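Chains, contacts and geometry: an overview
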Amino acid sequence: MSDGRGDVWVEAGFTELARSGVEGVRVEVLAKNLGVTKGGFYRRFADRAALLDTMLERWREGRAAAIAQQTSLDGQEPRERLKALIQLYSERLNPEGMAIELAIRQWARTDEAASAAVASVDEARLKHVGELYRATGLATEEADAQAFLFYCFIFGQSLLFVERGPRKRSQLVAKSAEKLLD
């Protein structure tokens, strides 16, 4: 996949996945969106399944690398790193990234490969955040429970609509984050 030729198709696949789910990721649709013929696709991928496999692998590797980098202490205290991570995921909303995440999770409900990719990403996320909580002095079981709550919060808050505006939302997120750091 490092030859670069398939990258445009993979990116177009993610854009369509975010827009209409895995059902929308079809060669004809992607070619139309890219303004090219299907021939270029078939020079790079054997079929749609090969594209979908590449997309899952790219997502899995990207999410695992992201959480490893985001939880690296780099001289910071574990609580400060956790606080920065909460801010990263709650203050800087990434609608397309979240749409891709949700589409892949929906896809995982009916597809073994997608399910395995999601399980792998979740495992990496919980492992790395659990390590941060252990570094604060928590026992393994407690740290793992905190990591689980952390992710329930991160994903849950991104899905909730707070009617009282962005300022109220950020205050609520900040107060909730304090609870995760106690």
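Residues numbered from 1 in each chain as written. Predicted model: local features only at pLDDT ≥ 70, side-chain atom pairs only at ≥ 80, totals over all residues. Heavy atoms only, no water.

This part is about the overall build of the chain. Assigned secondary structure in the chain consists of nine helices and zero strands. Order of helices (α) and strands (β) in the chain, N terminus to C terminus: α-α-α-α-α-α-α-α-α. Overall, the chain is about 55 × 35 × 30 Å in size when its C-alpha atoms are taken along their principal axes. Counting all 182 residues of the chain, 36% fall into the buried class. Restricting the contact set of the chain to residue pairs at least 6 apart, pairs at least 24 apart contribute 61%. Of the roughly 10700 Å² of accessible surface on the chain, a fraction of 53% belongs to carbon and sulfur atoms. (Helix = DSSP H or I, 4+ residues; strand = E, 2+ residues; numbered from the N terminus. Buried < 20%, exposed > 50% of the residue type's maximum accessible area, 1.4 Å probe, protein only. Contact = heavy atoms within 4.5 Å. Areas by Shrake-Rupley, 256 points an atom, 1.4 Å probe, with all protein chains shown as cover.)

A word on the packing of aromatic side chains. Aromatic rings considered in pairs are described by the distance between their centres and by the relative angle of their planes. Counted according to the given criterion, the structure contains six aromatic pairs. Connected via pairs of aromatic rings, a cluster forms that spans Trp9, Phe41, Tyr42 and Phe45. The lysine or arginine in question, arginine 44, covers the ring of phenylalanine 45, its NZ or CZ lying 4.9 Å from the ring centre. The positively charged end of arginine 105 is found above the aromatic ring belonging to phenylalanine 155, 5.3 Å away from the centroid. (Phe/Tyr/Trp six-rings, centres within 6.5 Å; stacked < 30°, edge-to-face > 60°. Lys NZ or Arg CZ within 6 Å of the ring centre and 35° of its normal.)

What follows is about the confidence of the model for the chain. Per-residue confidence for the chain gives a mean pLDDT of 91; residues scoring 70 or more make up 97%. When pLDDT is averaged over each element of the chain, helix α7 (residues 112-135) comes out on top at 97 and helix α9 (residues 165-181) at the bottom at 86. (pLDDT = per-residue confidence, 0-100.)

If you look at the biggest cluster of nonpolar residues, it comprises 26 residues, and the most contacted ones within it are Phe14, Leu17, Leu51, Met55, Trp59, Ile104 and Trp107. Secondary structure elements with two or more residues in this core: α1 (7-20), α2 (27-34), α4 (48-70), α6 (95-108) and α7. Leaving out residues up to four positions away in the same chain, methionine 55 has contacts with Val10, Gly13, Phe14, Leu17 and Val25. Core analysis: the second largest hydrophobic core is formed by 20 residues, Ile86, Val129, Phe150 and Tyr151 among them. (Core = buried A, V, L, I, M, F, W, Y, C linked by side-chain atoms within 4.5 Å.)

Before going further, it helps to examine a nonpolar patch on the surface. A cluster of nonpolar side chains, namely Val8, Leu34 and Val36, defines an oily patch on the protein surface of about 210 Å² accessible area. Take valine 36: its relative accessible area is 42%, and that puts it in the partly exposed class. (Patch = residues over 30% accessible without salt bridge, like charges linked within 9 Å, V, L, I, M, F, W, Y side chains within 5 Å. Salt bridge = Lys/Arg side-chain N within 4 Å of Asp/Glu carboxyl O.)

Summed over the entire model, instances satisfying the criterion amount to nine salt bridges. When the shortest N-O distance is used, the salt bridge between glutamate 57 and arginine 60 registers 2.5 Å. A residue pair is termed a helical-turn pair when its members lie 3 or 4 positions apart in one helix, as glutamate 57 and arginine 60 do in helix α4 at three residues. The shortest N-O distance in the salt bridge between arginine 105 and aspartate 122 comes to 2.4 Å. Residue arginine 105 is found in helix α6, and its partner aspartate 122 is found in helix α7; the two are separated by 17 residues along the sequence. On the basis of relative accessibility, which here comes to 25%, the residue arginine 105 falls in the partly exposed class. Where salt bridges share partners, they join Glu101, Arg105, Asp122 and Arg125 into one cluster.

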